[in-house]
Amino acid sequence: MAIHPIDYRYGSEEMRRIFEEESKLQKLLEVEAALARAHAKLGNIPEEAAKEISKKASTKYVKLKRVKEIEEEIDHDLMAVVLALAEVCGEAGKYVHLGATSNDIIDTATALQFKEALAIVERDLEELKNILLERAEEYIDLVCVGRTHGQHAVPTTYGLKFAIFAMEIKRHLERLREMKKRLLVGQMTGAVGTQASFGDKGIEIQELVMKDLGLGKVEVSNQLIQRDRYAECFALLALISATLDKMGREIRNLMRTEIAEVAEPFREDKQVGSSTMPHKRNPINSEKVCGLARVIKSNVFVALENVSLEHERDLTNSSPERCIIPESFVLLDEILKTMKKVMKGLKIFPENVEKNLMLTKGLNLAEAVMIELTKKGMSRQEAHELLRRLSIKAFEENKGLKEVLLESKEARAYLSDEDIERVTNPKNYIGTAIEQVKRILEEEKYIKKLRRNKENF
């Protein structure tokens, strides 16, 4: 019976499968098989024994039910796997787990899980980045009001908004690719890291096992792989979720009835917005993203606590990792896929964008006027004070900035009618926003082309 929502509500089947009990068991068996093959190559065990162990190291032979029966008897999860594998291997069973400690197998299997899970995350990040770049190109010159402190600021563009998000996702991709070399490592180091149980061939055994499994190897360790590696991974998952949270928050705010510049995709045939208010179209996807991001971010604290274990190890990391590893990956998978769907189907309403841009009747262009006055010869401080007073006057008298400028003798001493018309047009005060987005689009298309050529080479 399912209890946690990641069992039935959140995450893709592809991601959940990585952390299912049967899949985890299979990875543990794969590590045991690789260890047996390494021993055989070095002459420590018969070649035929390694072949038999490799053949039987599969959930086709080692059943999860049997492993659980043994664990119930001996109260040790990994030893239950060892005994279950040994009993199906016949005479070769005596060589299973030779020289290894539990976490040699567990942590190396976990690295295999990380490898698969991060491949999905990396793919989704790449797809989300591309969606954002497409939206940046689509709305490259859609001028909108910028907002700081929740108040109208100078104009910006929707193209720049999307490009900023895209580049943040790009940085997460760079972090992920850089982190892999530290995270995707296994170990065969024995009870306290000395490799004493492997005799004088410990270094060779570890190298052979990790090469077999396609993993890097630890430089040194004690009974387990040091958890600073895991903490870095959880910090990255939290950083990604923080960016998705930021994107979701922006959409939620821009969807407010009184703003109404964007809207999440909504299935008009059947989707229900509220159980009591039939008219509602709520930002439920963005709200889900923001909500689940809180859980992912909170798991970083647990991962950091797991770094400082006692002496060569204690068991305090084990139980929380059973929770936070699948939970963080499955929840991130859910919100990444959700944000891809939201951004791909996001509706933008240019008429409302324009309406909000003009809502303050040009007051958000006070900076533009101040800069123009400075160019014409007024000191910057005098121009700032003049625009401060004129902005108050416009607000109190319910006038536009253009109107009070035309009435101002101080301003008219420097600005002609044409100057005032030009500097109070918001579309004339977006700086290099369009050029910045164009540059990013060109660079990313070039990078994408290079990557494609490299793959085809």
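Parameters and conventions
The residue count restarts for each chain, going from 1 along the sequence in the order it is written. Reporting in this predicted model follows two pLDDT cut-offs: at least 70 for local features of residues, and 80 or more for side-chain atom pairs to be given and counted; totals over whole chains, interfaces and linings ignore these cut-offs and use all residues. Processing note: side-chain calculations cover all non-hydrogen atoms of the structure and skip hydrogens and water entirely. For helices the rule is a DSSP run of H or I covering at least 4 residues; for strands it is a run of E covering at least 2, with both sets numbered from the N terminus onward. In this treatment the radius of gyration is a C-alpha quantity, and the globule benchmark scales as 2.2 Å times the residue count to the 0.38 power. Three exposure classes are used, based on accessible area relative to the maximum for each residue type with a 1.4 Å probe and protein chains only: buried under 20%, partly exposed in between, and exposed over 50%. Counting rule for charge: Lys and Arg are taken as positive, Asp and Glu as negative, and neither His nor the chain ends is counted. Lysine's charge is taken at NZ, arginine's at CZ, aspartate's at CG and glutamate's at CD. Every residue pair with non-hydrogen atoms within 4.5 Å of one another is taken to be in contact. Identification of polar contacts relies on pairs of N or O atoms within 3.5 Å, with a donor-acceptor requirement for protein atoms, meaning one able to donate a hydrogen and the other able to accept it, and with residues adjacent in sequence counted only if both atoms are side-chain atoms. A patch is a set of surface residues, each over 30% in relative accessible area and not in a salt bridge, joined within 9 Å for like charges and within 5 Å for the nonpolar side chains Val, Leu, Ile, Met, Phe, Trp and Tyr. Each accessible area is a Shrake-Rupley result for a 1.4 Å probe, and residues are judged covered by the shown protein chains and nothing else. Criterion for a salt bridge: a side-chain nitrogen of Lys or Arg within 4 Å of a carboxyl oxygen of Asp or Glu. Centre distance within 6.5 Å is the pairing criterion for rings of Phe, Tyr and Trp, where only the six-membered ring of Trp is used; planes under 30 degrees apart are then read as stacked, over 60 as edge-to-face, and the remainder as tilted. Throughout this description, the term charge over a ring refers to an Arg CZ or Lys NZ atom that lies within 6 Å of the ring centre and within 35 degrees of the ring normal.

> Run through the overall build of the protein, naming residues and quoting values.
Helix and strand counts for the protein stand at 18 helices and six strands. What you see for the protein is a C-alpha radius of gyration of 30 Å, clearly larger than the 23 Å of a compact globule of 457 residues, by over 25%. In terms of its C-alpha atoms, the protein occupies a principal-axis envelope of roughly 100 × 55 × 45 Å. Going through the 457 residues of the protein one by one, you find that 51% of them count as buried. Side chains of the protein give 74 positive and 76 negative charges; the mean places of these two sets differ by 4 Å.

> Any details on the environment of Thr374? Residues and values, ideally.
Inspection of the secondary structure puts Thr374 in helix 13 (residues 366-376). Remark: the alpha-carbon pair of Thr374 and Ser197, spanning 177 residues in sequence, is separated by 78 Å. Leaving out residues up to four positions away in the same chain, Thr374 has contacts with Ser379, Arg380 and Ala383. A polar contact of 2.9 Å, which involves the side chain of Thr374, links it to the backbone oxygen of Met370.

> Explain a negative patch on the surface to me, and be specific about the residues and the numbers.
Taken together, Glu71, Glu72, Glu73 and Asp75 make up a surface patch of like negative charges. Checked against the element boundaries, Asp75 lands in the loop between helix 4 (64-74) and helix 5 (77-88).

> Can you explain the packing of aromatic side chains? Please cite residues and give values.
A complete count under the given rule lists five aromatic pairs for this structure. For the pair Phe19 and Phe329, a centre-to-centre distance of 5.7 Å together with 25 degrees between the ring planes defines the contact as stacked. Remark: Phe329 occurs in helix 11 (residues 318-345) and Phe19 occurs in the loop between helix 1 (13-18) and helix 2 (21-41); sequence separation between them is 310 residues. Take Phe19 and Phe329: they sit in the same class, and that class is buried. Geometrically, the ring pair formed by Tyr139 and Phe162 is tilted, given 6.4 Å between the ring centres and 35 degrees between the ring planes. Residue Tyr139 is located in the loop between helix 6 (102-138) and strand 1 (143-148), and its partner Phe162 is located in helix 7 (residues 158-183); the two are separated by 23 residues in the primary sequence. Residues Tyr139 and Phe162 agree in their burial class; the two are buried. Over the face of the ring belonging to Tyr158 we find Lys161, whose NZ or CZ atom lies 5.8 Å from the ring centre. Against the face of Tyr230 rests Arg227, its NZ or CZ located 4.0 Å from the ring centre.

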